[in-house]
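# Chain and residue survey
Residue-level listing of the chains:
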Amino acid sequence: MTMLSLNSASWGSASCTKGLQFSPTKIPFGVFKILRARCSSSSSGGNNREPIANYAGVQLEETVDTKAGKLRLDAWISSRVDGISRARVQSSIRSGLVSINGQVVSKVSHNVKGGDMVNCTISELQPLRAEAEDIPLDIVYEDDNVLVVNKPAHMVVHPAPGNATGTLVNGILHHCSLPTLASSNQEAFSDAEDISDDEEFSSSISGASIRPGIVHRLDKGTSGLLVVAKDEHSHAHLSEQFKLHTIERVYISLTSGVPSQSSGRIEVPISRDPNNRIRMAAIPGSNKHGQARHAASRYKVIEILAGGGSALVEWRLETGRTHQIRAHAKYMGIPLLGDEVYGGTKNMAKSLLQPRTAPGSHGKVLKLVSGLQRPCLHAVALGFTHPHTREKIQFSCPPPADFAEILSQLREIGTEKLSSN
């Protein structure tokens, strides 16, 4: 058994741990118990029945249970066809392939009721309207069904207006040799839904297309672990785990200042900032007006740095809202170092670090601060139930060189490690 501590000083040279099992019990803060295990794939057998490889043409003809309450049409069909993605069902509905009591229904949010006769034919998969690109990927784990990638900072996950190429999806399309359809139609990448950077991602961006199953996302500036489904069954299964909040996600950050409490839970709704459309805001009580979404994060201070000018903080998400950690950190008065959008500005960093630094080291502080190019946030650990083998697997990956270097410099100014629970 190997123990990996978040206090590790060797992150700059460490490598990601691959194909790991973990206990079904909760992983303690700060320390991960790692057991080396074989890499699992669908060829390893098991008692689960083999899911359908391609649902195109699958037909459903069924009467809704008379005891059923108010149910969305897309959700009900998804529950009746094992392993299919919600996006595929929605595409089938919008294509006119679903009828209720003999009448075609094209609205995915239509409510079905007990006694309704539903007829559905699943639509064909379409090639993704994006370009496959030979982009180097840091693949932590791969089998026939899932792919775990260590995303570098500054890489966008999914094509969008202004970022049609060079994304993680473009690289995965090439890696997996998936069929694509080149397109300049930017509407294919519209951000019509409130897609989070780390939340269930049953996206309508590309409809029911042959594509990497991006189940969750990380911000452009956030580095770390991200799981991708390679087949529709895996996508649906992983999406359900995100929906039920059973996926283990652990992040580490460097903050401007130190939280007033060394550990705690913050439960403050997050909504779009009315003064800045590219920013979210944590606003107490705002969910009463229907504009915000419930958001809860747990945090723990691992190390106090630079005499209290900064801290190494671990985060565990109970929900996965857009910019959740960044918005909650700002609300707590400890914006992430380098997060110019949420208050972690260079000026703030200077004001916190210079008074705690010997005069002879002010130049080093200025150099450190001027080098901040992104929010200091890294997805350090990820654990989930394999969608085919049903084994629980966990991965961890140290932060990249830029994060490790800033941490090292802050430690040189001063460090106080808190005892782990």
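Residues numbered from 1 in each chain as written. Predicted model: local features only at pLDDT ≥ 70, side-chain atom pairs only at ≥ 80, totals over all residues. Heavy atoms only, no water.

Backbone geometry places His245, a non-glycine residue, at a positive phi of 60°. In this fold, His245 is placed in the loop between helix 4 (232-243) and strand 16 (248-256). Backbone geometry at His323 places phi at a positive 55°, although glycine is not the residue there. Here His323 is to be found in the loop between strand 21 (310-317) and helix 5 (324-331). A relative accessible area of 12% places His323 in the buried class. (Helix = DSSP H or I, 4+ residues; strand = E, 2+ residues; numbered from the N terminus. Buried < 20%, exposed > 50% of the residue type's maximum accessible area, 1.4 Å probe, protein only.)

The next point concerns the sheet that holds strand 4 (residues 59-63). Two modes of strand pairing occur in sheets, parallel and antiparallel, and in both the strands are linked by backbone hydrogen bonds. Spatially, 4-9-6-7 is the arrangement adopted by the 4 strands of the open sheet, whose pairing is antiparallel. The sheet is open, and its two edges are formed by strand 4 and strand 7 (103-104), each paired on a single side. Relative to strand 7, strand 6 (residues 98-100) runs antiparallel, the two sharing 2 bridges. Counterpart to Ile100 in the pairing with strand 7 is Gln103. Of the strands in this sheet, strand 4, strand 6 and strand 9 (117-121) touch helix 1 (residues 73-80), which is tilted by about 105° from strand 4. (Pairing = 2+ DSSP bridges. Contact = heavy atoms within 4.5 Å. Axes fitted to C-alpha atoms, helices over the stretch in contact; angles between N-to-C directions.)

What follows is about the nonpolar core. Most often, soluble globular proteins have nonpolar side chains that are buried together. Core analysis: the biggest nonpolar cluster contains 27 residues, and Leu168, Leu226, Val228, Tyr251, Val313, Trp315 and Ile325 have the highest contact counts within it. Looking at this core, the elements that each hand over two or more residues are strand 12 (146-151), helix 3 (168-176), strand 15 (223-229), strand 20 (296-305), strand 21, helix 5 and strand 22 (377-385). If near-sequence neighbours (up to four positions away) are discounted, Ile325 is found in contact with Tyr251, Trp315, Leu317, Leu336 and Leu377. Counting 21 residues, the second largest nonpolar core, distinct from the first, contains Leu254, Ile302, Ala349 and Leu410. (Core = buried A, V, L, I, M, F, W, Y, C linked by side-chain atoms within 4.5 Å.)

Relative to strand 12, strand 11 (residues 139-142) is paired through 3 bridges, and the arrangement is antiparallel. Bridge pairing links Ile139 to Val149 in strand 12.

So, about the packing of helix 1 against helix 2 (residues 86-94). Where helix 1 contacts helix 2, the two axes come as close as 9 Å, and the packing angle between them is 120°. By the angle between their directions, the pair helix 1 and helix 2 is classed as oblique. Handedness of the crossing formed by helix 1 with helix 2: right-handed. Residue-level contacts link Leu73, Asp74, Ala75, Ile77 and Ser78 of helix 1 to Arg86, Val89, Gln90 and Ile93 of helix 2. Tallied by class, residues from the contact of helix 1 with helix 2 come to 5 nonpolar, 2 polar and 2 charged. (Parallel < 35°, antiparallel > 145°, perpendicular 65-115°, else oblique. Left-handed = near helix turned anticlockwise from the far one by under 90°. Nonpolar A, V, L, I, M, F, W, Y, C, P; charged D, E, K, R; others polar.)

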